[in-house]
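# Remarks on the overall topology
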Amino acid sequence: MSMALLLVSLLAFLSLGSGCHHRICHCSNGVFLCQGSQVTEIPSDLPRNAVELRLVLTNLRVIPKGAFPGLGDLEKIEILHNDVLEVIEANVFSNLPKLHEIRIEKAKNLLYIDPDAFQNLPNLRYLDIQDNINIHTVERNSFMGLSLEGIILWLSKNGIEEIHNCAFNGTQLDELNLSDNNNLKELPNDVFQGASGPVTLDISRTSIHSLPSYGLENLRKLRARSAYNLKKLPSVEKFAALVEASLTYPSHCCAFANWKRQISELHPICDKSIIRQEVDDTTQARGQRVSLADDDESSYAKGFDMMYNEFDYGLCNEVVDVTCSPKPDAFNPCEDIMGHVILRILIWFISTLTITGNITVLVILITSQYKLTVPRFLMCNLAFADLCTGIYLLLIASVDIHTKSQYHNYAIDWQTGAGCDAAGFFTVFASELSVYTLTAITLERWHTITHAMQLECKVQLRHAGSVMLVGWIFAFAVALLPIFGISSYMKVSICLPMDIDSPLSQLYVMSLLVLNVLAFVVICACYTHIFLTVRNPNIVSSSSDTKIAKRMAVLIFTDFLCMAPISFFATSASLKVPLISVSKSKILLVMFYPINSCANPFLYAIFTKNFRRDFFILLSKFGCCEMQAQTYRTEISSSFHNSHPRNARCPPVPRGTDGSNYTLVPLSHLAQK
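The paragraphs below set out a description of the structure included in this document. (Residues numbered from 1 in each chain as written. Predicted model: local features only at pLDDT ≥ 70, side-chain atom pairs only at ≥ 80, totals over all residues. Heavy atoms only, no water.)

Strand order in the open sheet formed by twelve strands is 1-2-3-5-7-9-11-13-14-15-16-19, with mixed pairing between adjacent strands. Pairing within the sheet leaves two strands with one partner each, and these edge strands are strand 1 (26-28) and strand 19 (323-325). On average, adjacent strands in this sheet sit at an angle of 5 degrees to one another, irrespective of strand direction. Of the strand pairs in this sheet, strand 7 (residues 101-105) and strand 9 (residues 126-130) are connected by five bridges, and their pairing is parallel. By the bridge assignment for strand 9, I104 is matched with I129. (Pairing = 2+ DSSP bridges. Helix = DSSP H or I, 4+ residues; strand = E, 2+ residues; numbered from the N terminus. Axes fitted to C-alpha atoms, helices over the stretch in contact; angles between N-to-C directions.)

One finds F68, F93, F118, F168 and F256 to be the most contacted residues of the largest nonpolar core, which totals 75 residues. Of all elements in the fold, only strand 2 (31-35), strand 3 (52-56), strand 5 (76-80), strand 7, strand 9, strand 11 (151-154), strand 13 (173-177) and helix 2 (250-257) reach the threshold of two or more residues within this core. For this core, the leading source of residues is helix 2, giving three residues. Mapped onto the domain boundaries, this core takes at least three residues apiece from domain 1 (20-135) and domain 2 (141-261 + 322-328). Aside from chain neighbours lying at most four places away, what touches F168 is F143, L153, L155, I163, L173, L176, V191, F192 and A195. I355, I500, L513 and I606 belong to the second-largest nonpolar core, a separate cluster that totals 41 residues. (Core = buried A, V, L, I, M, F, W, Y, C linked by side-chain atoms within 4.5 Å. Buried < 20%, exposed > 50% of the residue type's maximum accessible area, 1.4 Å probe, protein only. Domains from an automatic or database assignment. Contact = heavy atoms within 4.5 Å.)

Right, let's talk about the packing of aromatic side chains for a bit. By the definition in use, this model includes twelve aromatic pairs. Aromatic pair F239 and F256: ring centres 5.8 Å apart, planes at 75 degrees, arrangement edge-to-face. You can see F239 sitting in the loop between strand 15 (221-223) and strand 16 (244-246) and its partner F256 sitting in helix 2, a full 17 residues away along the chain. Just as F239 is buried, F256 falls in that class too. Geometrically, the ring pair formed by F425 and F426 is edge-to-face, given 6.3 Å between the ring centres and 70 degrees between the ring planes. For F425, a relative accessible area of 16% translates into the label buried. One aromatic cluster is present, built from ring pairs that chain together F68, F93, F118, F143, F168 and F192. (Phe/Tyr/Trp six-rings, centres within 6.5 Å; stacked < 30°, edge-to-face > 60°.)

Another aspect to go through is unusual backbone geometry. Cis geometry marks the peptide bond from G197 to P198; its omega dihedral reads 5 degrees. Mapped onto the elements, P198 comes out in the loop between strand 13 and strand 14 (200-202). Each neighbour pair has its own omega, and for S325 with P326 the value is 0 degrees, a cis peptide bond. Notably, N141 is not glycine yet its phi reads approximately 60 degrees, a positive angle. Note on placement: N141 falls in the loop between strand 10 (137-138) and strand 11.

Attention now moves to the pattern of salt bridges. It is possible for side chains of opposite charge to pair when their charged atoms get near one another. Under the counting rule described, the total for this entry stands at 17 salt bridges. In this structure, the salt-bridge partner of R103 is E78, at a minimum N-O distance of 3.2 Å. Here E78 lies in strand 5 and R103 lies in strand 7, a separation of 25 residues in the sequence. Counted as one network, the salt bridges with shared partners bring together E52, R54, K76, E78, E101, R103, E105 and D128. (Salt bridge = Lys/Arg side-chain N within 4 Å of Asp/Glu carboxyl O.)

On to the environment of H408. Within the secondary structure, H408 is located in helix 7 (residues 407-416). As a C-alpha pair, H408 and C253 span 155 residues in sequence and 7.9 Å in three-dimensional space. Setting aside its immediate chain neighbours within four residues, H408 contacts S251, H252, C254 and A255.

Across a regular strand the side chains alternate sides, sitting on one face of the sheet and then on the other. Where burial is concerned, most of strand 3 is hidden: four out of the five residues are buried. Of the strand pairs in this sheet, strand 2 and strand 3 are connected by five bridges, and their pairing is parallel. When the bridges of strand 3 are listed, L33 appears paired with R54.

What follows concerns the packing of helix 5 (residues 341-367) against helix 6 (residues 374-402). At a minimum axis distance of 8 Å, the contact between helix 5 and helix 6 shows a crossing angle of 150 degrees. Considering the angle they form, helix 5 stands roughly antiparallel to helix 6. In terms of crossing hand, the pair formed by helix 5 and helix 6 is left-handed. (Parallel < 35°, antiparallel > 145°, perpendicular 65-115°, else oblique. Left-handed = near helix turned anticlockwise from the far one by under 90°.)

Turning to its location among the elements, N381 is positioned in helix 6. Note on N381: relative accessible area 8%, which makes it buried.

Its location among the elements puts N177 in strand 13. Residue classification places N177 among the buried residues on the basis of a relative accessible area of 3%. Beyond its immediate stretch of four places on either side in the chain, N177 contacts L153, W154, L155, S156 and D202.

So, on to helix 7. Along helix 7, seven of the ten residues are buried, which leaves the element largely enclosed by surrounding structure. Among the residues of helix 7, those classed as buried are Y407, H408, N409, A411, I412, W414 and Q415. Against helix 2, helix 6 and helix 8 (418-450) lie the buried residues of helix 7.

Quick look at helix 9 (residues 461-480) now. Here helix 9 is 20 residues long and its end C-alpha atoms lie 28 Å apart, about the 28 Å a rise of 1.5 Å per residue gives. What helix 9 keeps buried is the set A464, M468, G471, A475, V478 and A479. Take helix 9 and look down its axis: the buried residues cluster within an arc of 100 degrees, on one side only. Those residues of helix 9 that are exposed and aimed more than 90 degrees away from the buried face are R462, L469 and I473. (Expected span 1.5 Å × (residues − 1). Arc of directions from axis to C-beta.)

The final tally for this structure, using the stated rule, is four disulfides. One disulfide bridge connects C25 with C34, the sulfur atoms lying 1.9 Å from each other. In this structure, the disulfide formed by C25 and C34 twists by about 95 degrees around the S-S bond and is classed as right-handed. Overall, C34 belongs to the buried group, its relative accessible area being 0%. The disulfide bridge from C420 ends at C495, spanning 2.0 Å between sulfur atoms. Disulfide C420-C495: the torsion about the S-S bond is -125 degrees, which places it as left-handed. Of this pair, C420 sits in helix 8 while C495 sits in the loop between helix 9 and helix 10 (503-535), and the two are 75 residues apart along the sequence. When sorted by exposure, C420 lands in the same class as C495, which is buried. (Disulfide = S-S within 2.5 Å.)

A separate point is the sheet that holds strand 8 (residues 112-113). The strand order 4-6-8 describes an open sheet built from three strands, whose pairing is parallel. Two strands in the sheet have a free side with no partner beyond their single neighbour: strand 4 (62-63) and strand 8. Here two bridges tie strand 4 to strand 6 (residues 87-88), and the two strands are oriented parallel to one another. By the bridge assignment for strand 6, V62 is matched with V87.

A few words now on a nonpolar patch on the surface. A contiguous nonpolar surface patch, about 230 Å² in accessible area, is contributed by W348, L394 and I401. With respect to the helices and strands, the residue W348 is situated in helix 5. On the basis of relative accessible area, W348 is assigned to the partly exposed category, the value being 32%. (Patch = residues over 30% accessible without salt bridge, like charges linked within 9 Å, V, L, I, M, F, W, Y side chains within 5 Å. Areas by Shrake-Rupley, 256 points an atom, 1.4 Å probe, with all protein chains shown as cover.)

Listed below in structure tokens is the structure:
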């Protein structure tokens, strides 16, 4: 019993000796911990020599004005895990001259902090207000007169949804942390009006979609990780002092990649003459300066330079690079969509020619007075597929012009938006439908020539319609797959399905390439057989069929030869062994990929005699080129009369109502001329 009494007396003596004894709060060496539900108000009898005060898990509902009177030595206040706390009134922390740190954290019911709560705090260095989910607004002048020194202000993990203009007026912001405010969508243009800084700004994991145009002049570090809505940055000239940026999208780093920031005023340490004079003065003052012989001067200069370099921490570089992450990858290099001027010119020329040529072919074939035959029907499908390729090129060319020299600011909106999906859909749909239609044209020619004498085996329009319906469904389906997550059009700026990160995406790309190669093999086999058939004297075929077969063989072989380099490099890339960069692949995109869509309408239709006939006959309906149209009508009539006497069953020539003669021509024969 006496021992226990002695121990209690000793503890009491130690507590008195340290000047740390209170009825509610635990204390040690000037640190007071007021903890528990019994704390319903700020104790008014705290010792004046208290250095640190912690209010943890209390039942404080309001922290009133003048809550900390006479605590002139208080340096740090922590208000943590106070679920009941709702309001912090004005001038709560006033007249605490030594206070340098305030932490208000995890008060989930804290609704309001008066803008005048933080006043007359000349030495405040660190203000941490975070994890208070019901703080939704930072009002104008919320931190006015906060401190005479630069301050680190953390407002992270709150429920902040809105920050008013001039919210930080009157502060010197060394660091402002707004991270993890998921509902914060905007920083107004004048949010930093009246403030000095910030020097460091963190908006990571917020919904902010743009940075203010003003107040970024002193910013040296920008952190915007996982800020997915921040798709556009202000002009790089706004970041006059920036040296480090940690961003969400690699394309944003392209803004700083070739930007060399010129420093207008170097640090005094960079003036060697001043440093040399200071060194000399120091040695003279110590009486240690001696005359240097000629042999020693070089060693003196060398030693001086070593000292100079030792204290140069990058402050003396007149041109400073911005350290930016994440770095642009191989799929998205720092360049415009069309990286070269010649490509920009060519893509406009080729897209215009492709769209004009294929629309002309479609109009002429659809409005022709002659019956729609199988070759015409297939040619219409080919023209439509090539027209889609032209639309794709026009989309890419238009976006390239719109984003010229500023693509890094538009890259995310373009590649993740509906525009890139639409462009990618057009190009895959057009490519697959074109290859499918070329294969169908080849098979139809092969069937017609090898079964020339078997009229019952002739391909009918309904057969061709069924075949092309399958082709349209196939092309439409494979073009939709990247939109639904199998590969992706957003991987590169030219919106091609180059995403092969997952096995399914790699299988998708490889399957398309294999199918295109198989189509080429089928076409080769068919035209080889056609050639052998035409050379066989035992098989009868018309001369027009032979001419068409030869012409189409040359055209389709040319088509696939143009596609060969694309298929080769695409196959190597799909096997994750790329042989060329994305920048060089754009040359293939412009020089090889669309050249067939541009040439097909001319070589398949516009340069043919039948197309010219249909073209002039159509124009004659509008009163133009009537003489040329009549010439073609006469040639058709003569050709018909010369080709039918051998039948010995020529029907009488019908007469029109006006007494003029007109001729009924075998439409299937004319369609093949």
